[in-house]
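A look at the structure
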Amino acid sequence: MNYISTRNRSITATAAEAIAQGISEEGGLFVPDCFPTLDGEDFKALCALDYIGRAKTILKPFLNDFTEEEIAHCVEGAYTGSFENEAPAPLVKMAEGAYVLELWHGPTCAFKDLALQLLPYLLVTSAGKTAGGKKTVILVATSGDTGKAALEGFCDVPNTEIIVFYPSQGVSTMQKLQMASQKGENVHVFGIHGNFDDAQTGVKAIFTDPAVKAALAANNMQFSSANSINWGRLAPQIVYYVSAYCDLLNRGEDLQNGFNVVVPTGNFGNILAAYYAKKMGVPIAKLICASNANKVLTDFIETGIYDRNRDFYTTISPSMDILISSNLERMLFELSGGDDKQVAACQAQLAKTGRFEISPEVKAKMDEIFWGGFCDDNATRDTIARTFTEKGYLCDTHTAVAVNVYEQYRQATGDSRPCVIASTASPYKFADSVLTAVGQKKADSEFDKVRLLSELTHTSIPAPIAALENAHVRFKEICEKDQMASAVFAALQITPD
Ligand SMILES: *Cc1c(COP(=O)(O)O)cnc(C)c1O
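Report follows, based on the coordinates. (Residues numbered from 1 in each chain as written. Predicted model: local features only at pLDDT ≥ 70, side-chain atom pairs only at ≥ 80, totals over all residues. Heavy atoms only, no water.)

1. As for the side chain of T160
Defined as follows: Helix and strand labels come from DSSP, where a helix needs a run of H or I of at least four residues and a strand needs a run of E of at least two; each type is numbered from the N terminus. Whether a residue is buried, partly exposed or exposed follows from its accessible area with a 1.4 Å probe, protein chains only, as a fraction of its type maximum: under 20%, in between, or over 50%, in that order. Two N or O atoms count as a polar contact when they lie within 3.5 Å, although within protein this holds only if one can serve as hydrogen donor and the other as acceptor, and sequence-adjacent residues are included solely when both atoms are side-chain atoms. Working rule for contacts: check all heavy atoms of both residues, and any pair within 4.5 Å makes them a contact.
Within the secondary structure, T160 is located in strand β7 (residues 160-167). Residue class for T160 comes out buried when judged on its relative accessible area of 4%. Within the structure, the side chain of T160 is placed 3.1 Å from the side chain of N186, a separation counted as a polar contact. Residue contacts for T160: discarding those within four places in its chain leaves V124, K135, T136, F154 and N186.

See below:
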């Protein structure tokens, strides 16, 4: 297996090169040129392993230039001791045939920990093979959760610096506090006046600016990305969908007709990982893409037209407040049968006009695989309340969007196959909105809300959230969106030529 660019198949890379670079030089994303497949015997073997064992087996073919020892070092380092109860991705039964894949038992209480605990290991190993001793500078644009998970993963990792930009008005109080209080000598955090798309566009521009790259090279540094454009973010996410299938098998669920997966979606990374698991042989029937009021993906799945020219809404599920889903590019590559010219044309159209339309053939393929739905903030709150009172399950705002769209899907189609709902954050990370949803508004401070939520729902406060109450705020700087490059130079203490 090798990696190729979605916009130019003749650009190839090994796993280490793809991970160390983050993005292909012409702006395309790295994808494997073929996928390993798993058969009944393979799944049987995986069923008998714990998460770490499953991760090593599943990741091996994707890390084509890593040794077995390197893979073991990376996977064990990432998943030993960093997740509550040593269970990175437990599958919890919510109702008959409906399972919640809880991906938020890591250090930052959101699913991005699953990838970002592992990525630093993959990246340092990759840079050791390819970068010749250069320092790796991680640039991150975040809608809230990636930033903290990346900061936590890269904190004091030797020979790396990490710089995070977040929309100063677009993240929850808890998310902001988590990032602003991050420890570590190599970490830098900036708010920006703008939304997530502004942050992401700014980071992409810095990444591909030849002058900035040259300045870094002159100082023996090179950029990489911890956003889900980096293949090293996606591969670890495939693992938990395969693992969830093993857990369903171990529970004796009837999977004759496969099962469905619902994913609350923003940048399309998480649901893409589920698609890759399906491609590898996991019997996933439908991939259900759940959006909030920023329903650019719901419309795309319905019409085949992607159009970001629309109002942007700030919602109570902020990690999904995204109008440019960067990983959709990898999906288009898949749906078009690996047609790099078509992908490049669509992306050029998107950059120029904010819109593109896929061909009828590609649309037909998409219809076979995906179903899309959305819900607004009121429906999200209503779903949190109902799911708690009727099923005794407390979910966060993002997971609630997925639960709501799952209900819509069942109503619309009558499909009653078993279903795995990806749960992407702890309800305590969005305590304010969750508390309002379950009918309480009285507490003043964020941490009073956290305590009230715990009392009211008889669930326990995750330790990383409790620890934030007395955390020292280190980072308060907010910059303009056209000042991001200067912020990078200042953080790295280097000057442009
Ligand atoms: C990042 C995030 C999402 C969206 O995931 P994508 O991979 O960007 O689609 C959903 N929920 C939460 C809590 C997140 O942090």
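2. Digging into the site of the ligand
Put simply, the rule is: One heavy atom within 4 Å of a molecule or strand makes the whole residue count as near it. Residue burial considers only the protein chains on display, and all accessible areas are found by Shrake-Rupley using a 1.4 Å probe. Classification convention: Asp, Glu, Lys, Arg as charged; Ala, Val, Leu, Ile, Met, Phe, Trp, Tyr, Cys, Pro as nonpolar; all other residues, Gly among them, as polar.
The environment of the ligand is made up of 15 residues, and the closest members are K112, D145, G266, N267 and T424. N267 is positioned with one of its backbone polar atoms (N or O) 2.7 Å from an oxygen atom of the ligand. Between the ligand and F268, the relevant distance is 3.1 Å, taken from an oxygen atom to a main-chain nitrogen or oxygen of the residue. Its free accessible area being 380 Å², the ligand has 97% of it covered by the protein chains. Looking at the shell around the ligand, its residues break down into 5 nonpolar, 8 polar and 2 charged.

3. Considering the packing of aromatic side chains
Here is the rule: Two aromatic rings from Phe, Tyr or Trp, using only the six-membered ring of Trp, form a pair when their centres are within 6.5 Å; if the ring planes differ by under 30 degrees the pair is stacked, by over 60 it is edge-to-face, and anything between is tilted. The rule is short: NZ of Lys or CZ of Arg within 6 Å of the ring centre and within 35 degrees of the ring normal puts a charge over the ring.
This structure, assessed with the given rule, holds 18 aromatic pairs. When the ring of F300 is compared with that of Y306, the centres are 5.7 Å apart and the planes differ by 70 degrees; the resulting orientation is edge-to-face. The exposure classification of F300 matches that of Y306, with both residues buried. In this structure an aromatic cluster arises from ring pairing among Y3, F35, F62, W231, Y275 and Y276. One cation-aromatic arrangement involves K129 over F66; the distance from NZ or CZ to the ring centre is 5.5 Å. Looking at K295, its charged tip hangs above the ring of F374, at a distance of 5.1 Å from the centre.

4. What to know about the environment of A150
With respect to the secondary-structure elements, A150 resides in helix α7 (residues 145-154). The exposure class assigned to A150 is buried, which follows from its relative accessible area of 0%. In the structure, A150 is positioned 191 residues away from K341 in sequence and 33 Å away in space, judged by C-alpha atoms. Ignoring sequence-local partners within four residues, the contact set of A150 consists of L116, V140, I162 and A226.

5. What to know about the state of the cysteines
What counts here: In what follows, a disulfide is any cysteine sulfur pair within 2.5 Å.
Considering all chains together, one arrives at 0 disulfides under this definition. Cysteine C419 shares no disulfide, and the gap to the nearest cysteine sulfur, in C289, comes to 13 Å. Residue C419 is classed as buried on the basis of its relative accessible area, which comes to 1%.

6. Some points on the pattern of salt bridges
Let me state the cut-off plainly: Each salt bridge in this description consists of a side-chain nitrogen of Lys or Arg and a carboxyl oxygen of Asp or Glu lying within 4 Å of one another.
In the structure shown here, the tally under the stated rule is 21 salt bridges. Residue R7 is joined to E329 by a salt bridge in which the shortest nitrogen-to-oxygen separation is 2.7 Å. Residue R7 is found in the loop between β1 (3-5) and β2 (8-13), and its partner E329 is found in helix α14 (residues 328-335); the two are separated by 322 residues along the sequence. Judged by relative accessible area, R7 falls into the partly exposed class, the value being 23%. Residue K295 pairs with D299 through a salt bridge whose shortest N-O separation is 2.8 Å. The class for K295 is partly exposed, based on a relative accessible area of 23%.

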